[in-house]
Amino acid sequence: MTYGIIRKDFVIPANDFTIAGEASSCVKKMLIQLGVDPQKVKKTAISMYEAEINAVIHANGGIAEVEIDRNKILIRIKDDGPGIPDLELAMQEGYTTAPDSIREMGFGAGMGLPNMRRYADKLEIRTEVGKGTIVEITVFLTDN
Amino acid sequence: MKARDILSVLDAEILTGDENLDMEFYAACGSDLMSDVMAYVKENVVLLTGLVNPQVIRTAEMMDIKLIVFIRGKRPEEKIVEMAREKGIAVMTTNHPMFIACGKLYSAGITERGVWD
């Protein structure tokens, strides 16, 4: 790949579950065009998609900042939602605070954060109750 | 197993994606929970689901899943089929319920499972 740093921001719209995932879809296409290894594209796409869905479900949407350089893909999903009171609990598979209406849509089963941890090479979450959450997903493109 | 054999084993109808009929599938995932589908890592997977909404197509897109079979006669609206078409994902519908559909595919030779971690 021959490029410097690519930066792109996306708005994650509030309360529109039908178009949730649009930003992740764009990023996936971008990574394929850049010739990123398909396994790394998949890891990035899944973790970003879960984070995007979370922002829609829990936080009235937010923004996604994407940075790609030759060493890594960095995705930062920021929201002004309610924050996560107990992050350790939220990281457990199956723990969820999502309402039934979300489960009817196929999400809210308490697998979002665990899936992000499963696929991201590095996952950082900063959250403050009443203020919001920042989820930072890194996928490394080189071994060092 | 080729998609065209899945079509026949499941007595299914194809709604889009004729160009995927010769693709090979070795594993299947039957679930209505999309996050569970995403926890499942495997290539050449067919997704069976009773959930009908745009996020099924999105999930397949992120997972590189090229064939979705809607079970129990579920039929997605044209907008959803169109979305799959744009993304190169084949869509089928079968009247069989989940358990029977999975059983038929397993008996016909799709026996690989996914890896969870």
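Residue positions are given per chain, counting from 1 as you read along its sequence in written order. Here the convention is simple: chains get letters from A, ligands get numbers from 1, in the order in which they are written. The model is predicted, so local features are restricted to residues of pLDDT at least 70 and side-chain atom pairs to those at 80 or more, both for listing and for counting; the totals for chains, interfaces and linings are taken over all residues. Hydrogen atoms and water are omitted, and side-chain values are computed over all heavy atoms in the structure.

Attention shifts here to the pairing of strand S4 (residues 67-70) of chain B. Residue and element names in this part refer to chain B. Under the scheme applied here, a residue whose accessible area is under 20% of the maximum for its type counts as buried, over 50% as exposed, and between as partly exposed, the area being computed with a 1.4 Å probe on protein chains only. Where helices and strands are cited, they refer to DSSP runs of H or I of at least four residues and of E of at least two residues respectively, numbered from the N terminus. The alternating pattern of S4 places Leu 67 and Val 69 on one face and Ile 68 and Phe 70 on the opposite face, and all of these are buried. Two strands form a pair only when DSSP identifies at least two bridges running between them. Of the pairings in the sheet, the one linking strand S3 (residues 45-49) to S4 comprises 4 bridges and is parallel in character. Bridge pairing in S4 places Leu 47 opposite Ile 68. Handedness of a crossover is defined as follows: with both strands directed away from the viewer, a clockwise route from the first strand across the helix to the second makes it right-handed. A crossover links S3 with its parallel partner S4, the connecting element being helix H3 (residues 54-63), and its sense is right-handed.

Spanning 12 residues, helix H1 (residues 22-33) of chain A covers 17 Å between terminal C-alpha atoms, matching the ideal 16 Å at 1.5 Å per step. Regarding H1 of chain A, the residues found buried are Ala 23, Ser 24, Ser 25, Val 27, Lys 28, Met 30 and Leu 31 of chain A. In this analysis, two residues are considered to be in contact whenever any of their non-hydrogen atoms come within 4.5 Å of each other. Residues of H1 of chain A that are buried make contact with strand S1 (6-12), helix H2 (38-59), strand S2 (62-68) and strand S3 (72-79) of chain A together with H3 of chain B. At the C-terminal side of H1 of chain A, Gly 35 of chain A shows a positive phi close to 80 degrees. How far a helix is expected to stretch is found by multiplying one less than its residue total by 1.5 Å.

Let us now look at the packing of aromatic side chains. All names here are of chain A. Stacked, tilted and edge-to-face are the three classes assigned to paired rings of Phe, Tyr and Trp, where Trp is represented by its six-membered ring and a pair needs centres within 6.5 Å; plane angles under 30 degrees give stacked, over 60 edge-to-face, the rest tilted. In the structure shown here, the tally under the stated rule is 2 aromatic pairs over all chains. A ring pair is formed by Tyr 49 and Phe 107, whose centres lie 5.9 Å apart and whose planes are at 90 degrees; its orientation type is edge-to-face. Of this pair, Tyr 49 sits in helix H2 while Phe 107 sits in the loop between helix H4 (100-103) and helix H5 (112-119), and the two are 58 residues apart along the sequence. Classification of Tyr 49 as buried rests on a relative accessible area of 0%. Exposure remark for Phe 107: the relative accessible area of 1% places this residue in the buried category. Ring pairing ties together the aromatic residues Phe 17, Tyr 49 and Phe 107, which thus form one cluster.

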